[in-house]
Amino acid sequence: CERRVAFVNPAGLKLFGATCPEEILGQTILERTHPDHRTVVKARMQSTNEVRRATEVIEGPFLRLDGTTFLTESIAVPFSYRGKAGALILAQDVTERRRLKQRGLEDAARIEVQRHLIEQREQERLRIARDLHDGPVQELTGIAYALHGIAQSQEETPGEDSLKPLAEAIMG
């Protein structure tokens with residue numbers, strides 16, 4: 001026999017999108033359980049009824065009356081209602097919390113990618129600076145010193161083709 005809803009409080013009505021208890025009462029728990037989660041709920045129901053011990057808190061999808069899915073954390077506790085053995089199911093909607101957690105994970109991943117890009121950009125900037133310092137800048141400095149030397153030697157032996165202005169321009 002599938003267990004049926006015998007009592008629902010205002011929070012349960014809101015959870016399932018009902019406006020009055022009659023919309024929920026008499027339905028089986030499995031009717032409000034998402035198909036992907038029914039096997040788990042069946043096993044929990046059987047365990048609760050046979051062992052008569054509270055289940056662990058788990059997350060699982062359930063269905064509102066309009067068919068939309070929401071995620072709950074729920075626990076089933078053995079309970080007698082009107083002289084019949086059953087279970088009291090305590091559930092809370094954690095859809096928003098899960099969404100925020102997922103968004104936080106996505107934000108963290110985005111931040112990590114940005115951090116990595118900044119790190120790579122800085123490494124590339126340092127490599128370019130090192131290459132410029134070790135390559136062309138060093139060569140230009142050497143050329144400037146050579147020109148300066150040539151210009152000084154021309155001062156000692158004046159001629160028409162003085163390189164002194166060029167050497168001064170390079171040396172600053």
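Here, the structure is the one placed above.
A short tour of the structure in this document, coming up. (Residues numbered from 1 in each chain as written. Predicted model: local features only at pLDDT ≥ 70, side-chain atom pairs only at ≥ 80, totals over all residues. Heavy atoms only, no water.)

As for the overall build of the protein
Here is step 1: A tally of regular secondary structure across the protein gives 5 helices and 3 strands.
Here is step 2: Going residue by residue from the N terminus, the α and β elements of the protein occur as α-α-β-β-β-α-α-α.
Here is step 3: Expressed as a percentage of its 172 residues, the buried residues of the protein come to 21%.
Here is step 4: A sequence separation of at least 24 residues applies to 40% of the contacts in the protein between residues at least 6 apart.
Here is step 5: Surface exposure of the protein reaches about 12,500 Å², of which carbon and sulfur atoms provide 57%. (Helix = DSSP H or I, 4+ residues; strand = E, 2+ residues; numbered from the N terminus. Buried < 20%, exposed > 50% of the residue type's maximum accessible area, 1.4 Å probe, protein only. Contact = heavy atoms within 4.5 Å. Areas by Shrake-Rupley, 256 points an atom, 1.4 Å probe, with all protein chains shown as cover.)

A closer look at the layout of surface pockets
Here is step 1: When its volume is computed, the largest pocket comes out at roughly 1,200 Å³.
Here is step 2: Residue lining of the largest pocket: 43 residues in total, with Phe7, Ile29, Ala87, Leu88 and Ile89 positioned closest to the centre.
Here is step 3: Put simply, the parts of the chain that give the lining of the largest pocket at least two residues each are α1 (10-16), α2 (38-51), β1 (58-63), β2 (69-81) and β3 (84-93).
Here is step 4: Sort the elements by how many residues they give to the lining of the largest pocket and β3 lands first, with 10 residues. (1 Å grid on protein atoms, 1.4 Å probe; cavity = no way out; pocket = protein on both sides within 12 Å on 5 of 7 lines; lining within 4 Å. Points joined across faces, edges and corners; volume = space filled by probe spheres on them.)

Quick word on the pairing of β2
Here is step 1: Across 6 bridges, the pairing between β1 and β2 is antiparallel. By the bridge assignment for β2, Leu63 is matched with Thr69.
Here is step 2: Joining the antiparallel neighbours β1 and β2 is a turn of 5 residues, in which Gly67 adopts a positive phi near 95 degrees. (Pairing = 2+ DSSP bridges.)

Notes on a nonpolar patch on the surface
Here is step 1: The grouping of Phe79, Leu88 and Leu90 at the surface amounts to a nonpolar patch, some 250 Å² of accessible area in total.
Here is step 2: Topologically, Phe79 is positioned in strand β2.
Here is step 3: By relative accessible area, Phe79 is classed as partly exposed at 37%. (Patch = residues over 30% accessible without salt bridge, like charges linked within 9 Å, V, L, I, M, F, W, Y side chains within 5 Å. Salt bridge = Lys/Arg side-chain N within 4 Å of Asp/Glu carboxyl O.)

Some remarks on the pattern of salt bridges
Here is step 1: Applying the stated criterion to the full structure yields 9 salt bridges.
Here is step 2: Two residues, Glu73 and Arg97, come together in a salt bridge whose shortest N-O distance is 2.8 Å. With Glu73 in strand β2 and Arg97 in helix α3 (residues 95-134), the pair connects residues that are 24 residues apart, well separated along the chain.
Here is step 3: The class for Glu73 is partly exposed, based on a relative accessible area of 22%.
Here is step 4: For the salt bridge of Glu96 with Arg99, the shortest nitrogen-to-oxygen distance reads 2.4 Å. In this pair, Glu96 and Arg99 are both assigned in helix α3, 3 residues apart and thus about one turn of the helix distant.
Here is step 5: When salt bridges with common partners are traced through the structure, they connect Glu112, Arg115 and Glu119 into a single cluster.

A short note on unusual backbone geometry
Here is step 1: Non-glycine residue Arg52 carries a positive phi angle of around 60 degrees.
Here is step 2: If you trace the backbone, Arg52 turns up in the loop between α2 and β1.
Here is step 3: Its relative accessible area of 33% is what places Arg52 among the partly exposed residues.

A closer look at the side chain of Arg32
Here is step 1: Within the element layout of this structure, Arg32 appears in the loop between α1 and α2.
Here is step 2: For the buried Arg32, which has no salt bridge, the nearest side chain bearing the opposite charge is Glu31, at an N-O separation of 5.4 Å.
Here is step 3: Side chain to side chain, Arg32 and Gln27 meet in a polar contact 2.7 Å long.
Here is step 4: Discounting chain neighbours no more than four positions away, the residues touching Arg32 are Phe16, Ile24, Gln27, Phe62, Leu63, Arg64 and Leu65. (Lys, Arg positive; Asp, Glu negative; His and termini not counted. Polar contact = N/O pair within 3.5 Å; in protein donor to acceptor, adjacent residues only side chain to side chain.)

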